[in-house]
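Survey of secondary and tertiary structure
Chain residues, written in single-letter form:
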Amino acid sequence: RNMASELERRIEERTVALKQSVARVETLQTIVSRGPVVLFLWRVVPGEWPVEMVSDNVAKVLGYTAQEFIGGRVSWPGITFADDVPRLEAEVARFLKEGASQWSQEYRVRNRSGEWRWFQDWNRPIKDTNGAVTHIQALLVDVTARKETELALERTHRALRVLTGCNRALIRATREQELLNAMCQ
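Since the model is a prediction, treat every value here as computed from it, not as a measurement.

Rules used throughout
- All residue numbers refer to position in the chain's written sequence, counted from 1.
- Thresholds applied to this predicted model are a pLDDT of at least 70 for local features of residues and 80 or more for the giving and counting of side-chain atom pairs; totals over whole chains, interfaces and linings are not thresholded and use all residues.
- Side-chain measures here rest on the full set of heavy atoms in the structure, leaving out hydrogens and waters.
- Residue-level confidence of the predictor is what pLDDT reports, using numbers from 0 through 100.
- Numbered from the N terminus, helices here are DSSP runs of H or I no shorter than four residues, and strands are runs of E no shorter than two.
- A pocket here means an open set of points on a 1 Å grid, computed over the protein atoms alone, that has protein on both sides within 12 Å along at least five of seven lines. A cavity is instead a set of points where a 1.4 Å probe fits but cannot get out; residues with an atom within 4 Å of a point line either one.
- Grid points are joined across faces, edges and corners, and a volume is the space filled by probe spheres set on the points.
- All amino acids are sorted into three groups, where Ala, Val, Leu, Ile, Met, Phe, Trp, Tyr, Cys and Pro are nonpolar, Asp, Glu, Lys and Arg are charged, and the leftover types, Gly among them, are polar.
- Here, strands pair whenever DSSP counts at least two bridges between them.
- With axes taken as lines fitted to C-alpha atoms, and helix axes fitted only over the stretch in contact, angles between N-to-C directions fall between 0 and 180 degrees.
- In this analysis, two residues are considered to be in contact whenever any of their non-hydrogen atoms come within 4.5 Å of each other.
- Between 65 and 115 degrees an angle is taken as roughly perpendicular, under 35 as roughly parallel, over 145 as roughly antiparallel, and anywhere else as oblique.
- Left-handed describes a crossing whose near helix is turned anticlockwise from the far helix through less than a right angle; right-handed describes the clockwise counterpart.
- A pairing counts as a salt bridge when a side-chain nitrogen of Lys or Arg comes within 4 Å of a carboxyl oxygen of Asp or Glu.
- Only protein chains enter the accessibility calculation, which uses a 1.4 Å probe; a residue is then buried when its area is under 20% of its type maximum, exposed when over 50%, and partly exposed in between.

**With respect to the confidence of the model for the protein**
A residue-level look at the protein finds 96% of positions with pLDDT of 70 or above and a mean pLDDT of 88. Here helix H7 (residues 176-183) stands out as the least confident element of the protein, with mean pLDDT 74; strand S3 (residues 103-110) is the most confident, with 97.

**Brief notes about empty space enclosed by the protein**
Using a probe with the size of a water molecule, rolled over the atoms, empty space left in the structure can be pinpointed. Using the criterion set out here, one finds one cavity of 30 Å³ or more in the structure. There is about 230 Å³ of room inside the largest cavity. Put simply, the parts of the chain that give the lining of the largest cavity at least two residues each are helix H4 (76-79), helix H5 (85-98), S3 and strand S4 (116-127). Of all the elements, H5 adds the most residues to the lining of the largest cavity, at four residues. When the residues that make up the lining of the largest cavity are grouped by side-chain class, the tally is ten nonpolar, three polar and two charged.

**Some points on the sheet that holds strand S2 (residues 51-54)**
Taken together, the five strands give an open sheet; going across it, the order is S2-S1-S5-S4-S3, and neighbouring strands pair in antiparallel fashion. In the strand order of this sheet, the two ends are held by S2 and S3, each with one partner. Here the strands of the sheet are splayed against their neighbours by 30° on average, with no regard to which way each runs. Taken together, the three bridges between strand S1 (residues 38-43) and S2 define a ladder with antiparallel strand orientation. When the sheet's bridge partners are listed, Trp-42 is paired in S2 with Val-51. Packing against the sheet, H5 makes contact with S3, S4 and strand S5 (133-142), and its axis sits at approximately 160° to S3. This element, helix H6 (residues 144-172), spans S3, S4 and S5 of the sheet and lies at about 120° to S4.

**A short note on the packing of H6 against H7**
The relative placement of two packed helices comes down to the angle between their axes together with the axis-to-axis distance. Packing of H6 against H7 brings their axes to within 9 Å, and their N-to-C directions diverge by 160°. The orientation of H6 with respect to H7, classified from their angle, is roughly antiparallel. Seen from above, H6 lies across H7 with right-handed handedness. Along its contact with H6, which presents Cys-166, Ala-169, Leu-170 and Arg-172, the element H7 presents Glu-178, Leu-179, Ala-182 and Met-183.

**Here we look at the pairing of S5**
Sheet analysis places S1 next to S5, joined by six bridges and oriented antiparallel. For Phe-40, the partnering residue across the bridge sits in S5 and is Ala-138. For S4 and S5, the ladder comprises nine bridges, and the chain directions are antiparallel. Residue pairing across strands places Asn-123 opposite Ala-138, the latter belonging to S5. Where S4 folds back onto S5 in an antiparallel hairpin, the turn is made up of five residues, including Gly-131, whose phi is positive at roughly 90°.

**Regarding the pattern of salt bridges**
Scanning the entire structure with this criterion turns up 15 salt bridges. A salt bridge links Arg-108 to Asp-84, with the shortest nitrogen-to-oxygen separation between them at 2.6 Å. With Arg-108 in strand S3 and Asp-84 in the loop between H4 and H5, this pair connects stretches of sequence that are 24 residues apart. Assessed through its relative accessible area of 22%, Arg-108 is described here as partly exposed. One salt bridge in this structure joins Arg-94 and Glu-98, with 3.6 Å as the shortest N-O distance. Placement of the pair is Arg-94 and Glu-98 together in helix H5, with a separation of four residues, close to one helical turn. Under the relative-accessibility criterion, Arg-94 is labelled partly exposed at 42%. Residue Glu-98 is classed as exposed on the basis of its relative accessible area of 56%. One continuous salt-bridge network, built from bridges that share partners, spans Glu-6, Arg-9, Arg-10 and Glu-13.

Right under this line is the structure:
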């Protein structure tokens, strides 16, 4: 009788702990699904990067469903800007070779509507019991607004440098031809 009640007590404790864990996971899923950060779990297969898990809010952020990624109908290399793919592959290979515990990258991704968006990701390799990297966990954030601001700022700085050079040439030139030569350099 005493052994049965001890077993019942342990089962009840574990049931309560399990329910609390499920509640925490559901809370985390709710937080992620309402936010701008997309979570990915990629299997390490260079050139393919099959998705084994992705947060449901990927549909809100990119327009593709989680099932499209998990089922392979949408691939990460397939929607990543072609000029960015070789750089990203080389960087990941280098990070893995160096044994990096985490890294970040920026690149362009085409959403379902065909618009190119800039993303920054933060990655962490996952190793098996033998120490081999099998997966990469990633957090992705759309940084398009920041990137567009940076590019506009670069264009403005370039224009200001040109104008400054023209102003210097205008001040220094004593003849029209000298001015034209200085401005065309």
